[in-house]
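Residue-level structural notes
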Amino acid sequence: MSETSHLAGPHELDGAHRAVVVIGGGQAGLSMSWWLARRGVEHVVLERDRVATEWRNRRWDTFCLVTPNWQCRLPGFPYPGDDPDGFMVRDQIVEYLEKFAASFDAPLVEGVTATRLRGRRDGTFEVRTDAGTLTAEQVVVATGPYQVPRTPRMAERLPVRITQMHSSQYRNAEQLPPGEVLVVGTGQSGCQIAEDLHLAGRRVHLATGTAPRVARFYRGRDVVAWLHDMGTYTRGIDQFDDADAVRFRANHYVTGRDGGRDIDLRAFARDGMRLHGRLVAIADGALHFAPNLRANLDGADAVSESIKDSIDGWIEAHAIDAPAEERYTPVWQPGPEADEPESLDLSGIGTVVWSTGFGRDHRWIELPVFDGRGYPTHDRGVTTLPGLYFLGLPWQHTWGSGRFSGVAADAEHLAERIVAARRRTGLDGLHWLAGTREHTFPDSAPVDEDWVARRTVA
């Protein structure tokens, strides 16, 4: 266990000093705390709300994991239930994280927001919060990728009568007013919300994107199990030719609902859902879509089939006795009109759900560790500034980084680096990419200045 003298609450933060401050009390921050405690490193974890807030407050009522429960392997706390091949629903995920935090008495202070992170001349860090200022020798930023819900500027062109919400605000079909629903985006959230509305009997329009899909089961097993055996989830991002192309690509859509199944947009269309190409404009009382519906569907299917090809190759190479399975046959094809620009009158639309992802907001971090896109420069979470680390980023090192399956390994790696790190001598000699030592987002900027978070994930 850690030798940290546990803080009783936010009122004891002001003026405190810790060897390590971990910012963020989700699965990443708690995993970091577990490894630091195991090594006896003095630390505190700051959480702006409470454990599992993102899962509790930003997921819809029928939300569940898309990876099997057996992949939930937080450090020292593997999935404890009796359904390893099932998929935990929202409330079970919240309970899992709460029990994990309690299992090692994490030095967690809830209800505290970090508002500013700066370097000090003596090489330590200053962490300002809404409960006071504390200092640290090293800092781990574990605030996750789902920080700022993003909606496109075209949303401003919708009539006031139409209800708009981001996917993080959607809970169930009953919260929506009467009328047809447009879901924009076919990442995991968009596809699952569209299905949820469809199953509830709502008339759904779905504006598709280029996100790929994957089958739930193939040749007698969950596809995740095959890919696990093949080493897909432990392959480091440094093994790819273009790390950025991997790091920022959309996740494959699939679902764990009702025991797990494919999400087949063609089947939705066959059963009455209206599919469209990418939403490109809102003008003249209508929604306007690109003529790429056919390409989007074909591209998603091609990725799914290529994954099956790799599984077939693995089975053959290892002489595995697995049942044969017929390949996917499209159950619906768009008509010839899909190859022309399309518009949809807004008169029947009552709600638009923007499943358009999240962005980063690191303006509170006043340290020179970001590239031109606002992404932290790091090597497996270790930044270019000694003593500063990030944890829980998508593809931080592997596909599992930030997820229940791989965050423990990333946290252990950082714990080893933290223990081995030598005390820094200061920040002199570092070149600031923008602003000054004190400011990277100038106070002179208007409060109401338009600012859009950098895209993180869909």
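What you are looking at is a predicted structure, and each value in this text was computed from that prediction instead of being measured.

This next bit is on the overall build of the protein. From N to C terminus, the protein includes 9 helices and 24 strands. For the protein, the proportion of its 458 residues judged to be buried stands at 53%. In the protein, of all internal contacts separated by at least 6 residues, the share reaching a separation of at least 24 is 72%. When the accessible surface of the protein is totalled, it reaches about 20400 Å², and 48% of it is carbon and sulfur.

This brings us to the pairing of strand β6 (residues 114-119). With 5 of 6 residues buried, β6 lies mostly within the body of the structure. The pairing of β6 with strand β7 (residues 125-129) spans 5 bridges and is antiparallel. Considered in β7, the bridge of Ala114 is made with Thr129. The antiparallel pairing of β6 with β7 creates a hairpin that spans 5 residues between the two strands, and Gly123 there sits at a positive phi of about 90 degrees.

Turning our attention to the environment of Arg363. When you line up the elements, Arg363 lands in the loop between β20 (358-360) and β21 (378-379). The spatial distance from the C-alpha of Arg363 to the C-alpha of Arg116 is 8.4 Å, given a sequence separation of 247 residues. At a separation of 2.9 Å, a polar atom in the side chain of Arg363 contacts the side chain of Asp361.

A word on the confidence of the model for the protein. Looking at the protein, the pLDDT average stands at 91 and 90% of residues meet or exceed 70. This stretch, residues 1-6, has a pLDDT under 50; its non-local contacts, to residues over four places away or in other chains, come to 19 contacts. Contacts of residues 422-448 to residues separated by more than four positions or lying in other chains number 47 contacts, the stretch itself having pLDDT below 50.

Moving on, we come to helix α4 (residues 188-199). Spacing of three or four residues puts side chains on the same side of an α-helix, whose turn is 3.6 residues. Taking 1.5 Å of rise per residue, the 12 residues of α4 would be expected to cover 16 Å, and the 16 Å separating its terminal C-alpha atoms lies within 8% of that figure. Counting buried positions along α4 yields 10 of 12 residues, so the element is predominantly enclosed. Among the residues making up α4, those that are buried are Gln188, Gly190, Cys191, Gln192, Ile193, Ala194, Glu195, Asp196, Leu197 and His198. Downstream of α4 by a residue or two, Gly201 has a phi angle that is positive, lying close to 90 degrees.

Before going further, it helps to spend a moment on the packing of aromatic side chains. Under the counting rule described, the total for this entry stands at 13 aromatic pairs. Ring centres 5.9 Å apart and planes at 55 degrees place the aromatic pair Trp55 and Phe63 in the tilted group. Take Phe63: its relative accessible area is 11%, and that puts it in the buried class. Aromatic side chains Tyr96 and Phe404 sit 5.6 Å apart centroid to centroid with 80 degrees between the ring planes, which places their arrangement in the edge-to-face category. Of this pair, Tyr96 sits in helix α3 (residues 90-103) while Phe404 sits in the loop between β23 (388-390) and α9 (407-420), and the two are 308 residues apart along the sequence. The same class applies to Tyr96 as to Phe404, namely buried.

What follows concerns the pattern of salt bridges. Side chains bearing opposite charge may pair, as long as their charged atoms lie close to each other. If you walk through the whole model with that rule in mind, you get 33 salt bridges. The residue Glu126 makes a salt bridge to Arg128 at a minimum N-O spacing of 2.9 Å. Arg128 gets classed as partly exposed once you look at its relative accessible area, which sits at 30%. Here Asp309 makes a salt bridge to Arg327, at a shortest N to O gap of 2.5 Å. A residue pair is termed long-range when its members are at least 10 positions apart, and Asp309 in helix α8 (residues 293-317) and Arg327 in the loop between α8 and β18 (342-345) qualify at 18 residues.

Our focus in this paragraph is the packing of helix α1 (residues 27-38) against α9. It is at 8 Å that the axes of α1 and α9 come closest, and there the two elements cross at 50 degrees. It follows that α1 is oblique to α9 by the angle criterion. In the packing of α1 onto α9, the handedness of the crossing is right-handed. Residues Gln27, Ala28, Ser31, Met32, Trp35 and Leu36 of α1 lie in contact with α9, whose contacting residues are Val407, Ala408, Ala411, Glu412, Leu414, Ala415 and Ile418. The class makeup of the residues in the contact of α1 with α9 is 10 nonpolar, 2 polar and 1 charged.

Cut-offs and rules
Residues numbered from 1 in each chain as written. Predicted model: local features only at pLDDT ≥ 70, side-chain atom pairs only at ≥ 80, totals over all residues. Heavy atoms only, no water. Helix = DSSP H or I, 4+ residues; strand = E, 2+ residues; numbered from the N terminus. Buried < 20%, exposed > 50% of the residue type's maximum accessible area, 1.4 Å probe, protein only. Contact = heavy atoms within 4.5 Å. Areas by Shrake-Rupley, 256 points an atom, 1.4 Å probe, with all protein chains shown as cover. Pairing = 2+ DSSP bridges. Polar contact = N/O pair within 3.5 Å; in protein donor to acceptor, adjacent residues only side chain to side chain. pLDDT = per-residue confidence, 0-100. Expected span 1.5 Å × (residues − 1). Phe/Tyr/Trp six-rings, centres within 6.5 Å; stacked < 30°, edge-to-face > 60°. Salt bridge = Lys/Arg side-chain N within 4 Å of Asp/Glu carboxyl O. Axes fitted to C-alpha atoms, helices over the stretch in contact; angles between N-to-C directions. Parallel < 35°, antiparallel > 145°, perpendicular 65-115°, else oblique. Left-handed = near helix turned anticlockwise from the far one by under 90°. Nonpolar A, V, L, I, M, F, W, Y, C, P; charged D, E, K, R; others polar.

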